[in-house]
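Analysis of the macromolecular model
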Amino acid sequence: MKNGLEDVVAAETVLSDVDGEAGQLIIRGASLDDLAGSATFEDTVLRLWDGFFEEPMSAAMVNTALGRARAEVFAHIGAVDEAMLSMPPVDALRALLARLPDGDDLPTAVRLAAATAVFLPALLRLQQDLLPIAPDATLSQAADTLRMLTGTTPCPAQVAALDAYLVTICDHGLNASTFTSRVVASTGAGLASAVLAALSALKGPLHGGAPGPVLDMLDEIGTESNAETWLRETLGRGERLMGFGHRIYKVRDPRADALKAALQRLAEEGTVSLSRVKLAEVVERVAVAILRERKPDRRLDVNVEFYTALLLDALGFPRESFTGVFALGRTVGWIAHAREQAMNGRLIRPRSVYVGPRPDQQHSLQRAV
Ligand code: ACO
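Below: a short report on this structure. Note that the structure is predicted; figures quoted are calculated from it, not measured.

**As for empty space enclosed by the protein**
- A complete count under the given rule lists one cavity of 30 Å³ or more for this structure.
- For the largest cavity, the calculated volume is near 50 Å³.
- Every residue along the wall of the largest cavity is listed here: Gly245, His246, Tyr249, Lys250, Val251, Arg252, Asp253, Arg299, Leu300, Asp301, Val302 and Asn303.
- Among the residues making up the lining of the largest cavity, the classes are represented as four nonpolar, three polar and five charged.

**Let's talk about the packing of aromatic side chains**
- Under the defined criterion, the tally for this structure stands at three aromatic pairs.
- Relative to Phe53, the ring of Trp49 lies with its centre 5.9 Å away and its plane at 65°, an arrangement referred to as edge-to-face.
- The class of Phe53 is buried, set by a relative accessible area of 9%.
- Members of the aromatic cluster, joined through ring pairs, are Phe244, Phe306 and Tyr307.

**A look at the packing of helix H2 (residues 41–49) against helix H3 (residues 59–73)**
- Relative to each other, H2 and H3 sit at 115°, their axes nearing to 9 Å. In this structure, H2 meets H3 at a crossing whose hand is right-handed. Residues Phe41, Glu42, Val45 and Leu46 of H2 touch H3, and the partners they reach there are Ala59, Val62, Asn63 and Leu66.
- For the contact of H2 with H3, a count of residues per class yields six nonpolar, one polar and one charged.

**A short note on the packing of helix H11 (residues 211–221) against helix H14 (residues 274–294)**
- In the contact formed by H11 and H14, the axes pass within 11 Å of each other and the chain directions differ by 95°. One element, H11, and the other, H14, form an angle in the roughly perpendicular class. Counting all contacts with H11, which are made through Leu215, Met217, Leu218, Asp219 and Ile221, the residues of H14 involved are Arg276, Leu279, Ala280 and Val283.
- Residues belonging to the contact of H11 with H14 are distributed by class as follows: seven nonpolar, no polar and two charged.

Cut-offs used in this document
Each chain has its residues counted from 1, following the order in which its sequence is written. The predicted nature of this model means local features are confined to residues of pLDDT at least 70 and side-chain atom pairs, given and counted, to a pLDDT of 80 or more, with totals for whole chains, interfaces and linings taken over all residues. Think of the side-chain values as coming from all heavy atoms in the structure, minus any hydrogens and water. Only protein atoms enter the 1 Å grid used here, on which a cavity is any set of points holding a 1.4 Å probe that cannot leave and a pocket is any open set flanked by protein within 12 Å on both sides along at least five of seven lines; residues with an atom within 4 Å of a point are listed as lining. Grid points are joined across faces, edges and corners, and a volume is the space filled by probe spheres set on the points. Put simply, Ala, Val, Leu, Ile, Met, Phe, Trp, Tyr, Cys and Pro go in the nonpolar bin, Asp, Glu, Lys and Arg in the charged bin, and everything else, Gly too, in the polar bin. A pair of Phe, Tyr and Trp rings is counted when the ring centres sit within 6.5 Å of each other, with Trp represented by its six-membered ring. The angle between the planes then sorts it: under 30 degrees is stacked, over 60 is edge-to-face, the rest tilted. Relative accessibility decides the category of a residue: with a 1.4 Å probe and only protein chains considered, values under 20% of the type maximum give buried, values over 50% give exposed, and everything between is partly exposed. Every axis in this analysis is a line fitted to C-alpha atoms, fitted for helices over the stretch in contact. Angles between the N-to-C directions lie between 0 and 180 degrees. Where helices and strands are cited, they refer to DSSP runs of H or I of at least four residues and of E of at least two residues respectively, numbered from the N terminus. Should the near helix be turned anticlockwise from the far one by less than a right angle, the crossing is left-handed, and should it be turned clockwise, the crossing is right-handed. Any two residues whose heavy atoms approach within 4.5 Å at even a single point are treated as in contact. Any angle that falls under 35 degrees is termed roughly parallel, while one over 145 is termed roughly antiparallel, one within 65 to 115 roughly perpendicular, and all others oblique.

Below, the structure written as structure tokens:
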């Protein structure tokens, strides 16, 4: 049995390839290095979804359909209730997404991709007693998301930075949430069910819940001179460093480079605190050295979540919303995988090894752990 299904191959896919030895990510035929910083969210939808629905797709069609769907789903903001206002944003997002109809077609997929971008900013504003801002169907999804969050028109550099983030995290092999999406799709349940289940898998701190705590860590460390003491003490207590380590990558996560480059482009525009970026670089360098010293046989480097924290913070997203912003991009990948599974796959039904008592054996029921 492979604990955590390590190295188990559970699907064939044309969607993405994660080369953990070389530190390379291919997203449907293109290298992340070529996409991040030039492709938009809409380009990524076309790249990952084309061929998985009955309708032929084009860039113009994706732009129009997403804009129109954002305008339509805004009506669901009326369903936000008191309970959602006090939930963590990712839970409130899940509760609101659960109101959408299910299905397997392109309109369902577009609605889900548009809804994440509309619901999250609206929920964040409502949670701060601010009125939600209606979508502008003429804008790109990244520009509209930032406008619905802050109420002001974002500058091109901010839009480019959010696009770079959404493209960088759109798909990543058979990670826990994507596998969840495929499991749900394999039963014949619809895309909304697959996305809701995947979002539930994403929110855990070992997966997409890491970037908020990364920012907490940087705040607690505070100064470059405090980095080594803080990191050694934290690891000494047996705690993990958020934003470090990865199951597949044996080298630096290439998405960290893509996000750091986006952050540096933003810094050139003067919208990021350079002292915090510098602190992050020092924390990364010191942490990697300490982790190498403690675990010489297992390379632990920064993963995508480390620079995600700084980038999303610079764009004005509150840290408790970072997992929800991750879902804005990853929903595209979850949907593509769900369609690929539904079209080409079979019911996912692995086996377990029973290690409990047999009926003919004397036993008392014991606690499992
Ligand atoms: N800090 C300190 N030690 C670590 C870390 C870390 N971030 N990551 C792994 N280790 C150690 C473990 O304690 C373990 O040590 P042990 O063998 O002495 O018990 C060893 O390295 C192997 O760890 P596993 O849990 O087996 O590694 P796995 O491949 O299952 O975990 C994971 C990968 C979950 C990402 C892990 O590195 C981790 O917890 N990182 C912190 C959380 C994080 O940043 N998550 C985001 C990942 S990217 C994403 O999902 C979008």
